[in-house]
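Listed below, chain by chain, are the residues.
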Amino acid sequence: QVQLVESGGGLVQTGGSLRLSCAASGRTFMSRPMGWFRQSPGKDREFVAAITASGGNAYYADSVKGRFSISRDNAENTLNLQMANLRSGDTAVYYCAAADVISTGFEREGSYGYWGQGTQVTVSS
């Protein structure tokens, strides 16, 4: 079992930056692939970024490539998402997710068995 708690959300102007963090409980964090997803009102939850257990490989949705950066600190059981050049379309609740193993793809919700409660990011013009 792993519990995930996101933080760092808030209100930011277009073009601004924000850093999200996800604190994970337990001693298995370092063995788990991790991901960030987001959900806007009226839309399905969508993939944002993912990172392998070691942190050696990262994957991004096309919509955030070059603007967002995912990272992890296995010593601190923390997952981060650095977001820059934010747009109104980035407004959403952002969720941290943990997997046991990735069986169906990093971008698929079904690959992740553990989810945080979400943190709201609002980008205003």
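The sections below set out a description of the structure shown in this document.

## A word on the state of the cysteines
- Under the counting rule described, the total for this entry stands at one disulfide.
- Disulfide pairing is shown between Cys 22 and Cys 96; the S-S distance is 2.1 Å. Since a negative S-S torsion denotes a left-handed disulfide, the Cys 22-Cys 96 link at about -70° is left-handed. Within this pair, whereas Cys 22 is found in strand β3 (residues 18-24), its partner Cys 96 is found in strand β9 (residues 92-98), the two being separated by 74 residues in sequence.

## Focus: the sheet that holds β3
- Ordered by their spatial adjacency, four strands build an open sheet running β1-β3-β8-β7, and the pairing between neighbours is antiparallel. In this open sheet, the two strands that pair with only one neighbour each are β1 (4-7) and β7 (68-73). Sheet twist, expressed as the average angle between the axes of neighbouring strands with direction ignored, equals 15°.
- Pairing of β3 with strand β8 (residues 78-83), which is carried by six bridges, proceeds in the antiparallel orientation. Note that in β8 the partner of Ser 21 across the bridge is Asn 80.

## What to know about the packing of aromatic side chains
- Going through the model one piece at a time under the given rule, you end up with five aromatic pairs.
- Between Phe 37 and Phe 47 the ring centres are 5.7 Å apart and the planes differ by 70°, which places this aromatic pair in the edge-to-face class. Within this pair, whereas Phe 37 is found in strand β4 (residues 34-39), its partner Phe 47 is found in strand β5 (residues 46-51), the two being separated by 10 residues in sequence. Here Phe 37 and Phe 47 have matching classes, each one buried.
- Members of the aromatic cluster, each reached through a chain of ring pairs, are Phe 37, Phe 47, Tyr 112 and Trp 115.
- One residue, Arg 45, lies across the ring of Tyr 95, its end atom 4.8 Å from the ring centre.
- Above the face of the Phe 29 ring, Arg 72 is positioned so that its terminal group lies 4.4 Å from the ring centre.

Reading the values: the criteria
Residues numbered from 1 in each chain as written. Predicted model: local features only at pLDDT ≥ 70, side-chain atom pairs only at ≥ 80, totals over all residues. Heavy atoms only, no water. Disulfide = S-S within 2.5 Å. Helix = DSSP H or I, 4+ residues; strand = E, 2+ residues; numbered from the N terminus. Pairing = 2+ DSSP bridges. Axes fitted to C-alpha atoms, helices over the stretch in contact; angles between N-to-C directions. Phe/Tyr/Trp six-rings, centres within 6.5 Å; stacked < 30°, edge-to-face > 60°. Buried < 20%, exposed > 50% of the residue type's maximum accessible area, 1.4 Å probe, protein only. Lys NZ or Arg CZ within 6 Å of the ring centre and 35° of its normal.

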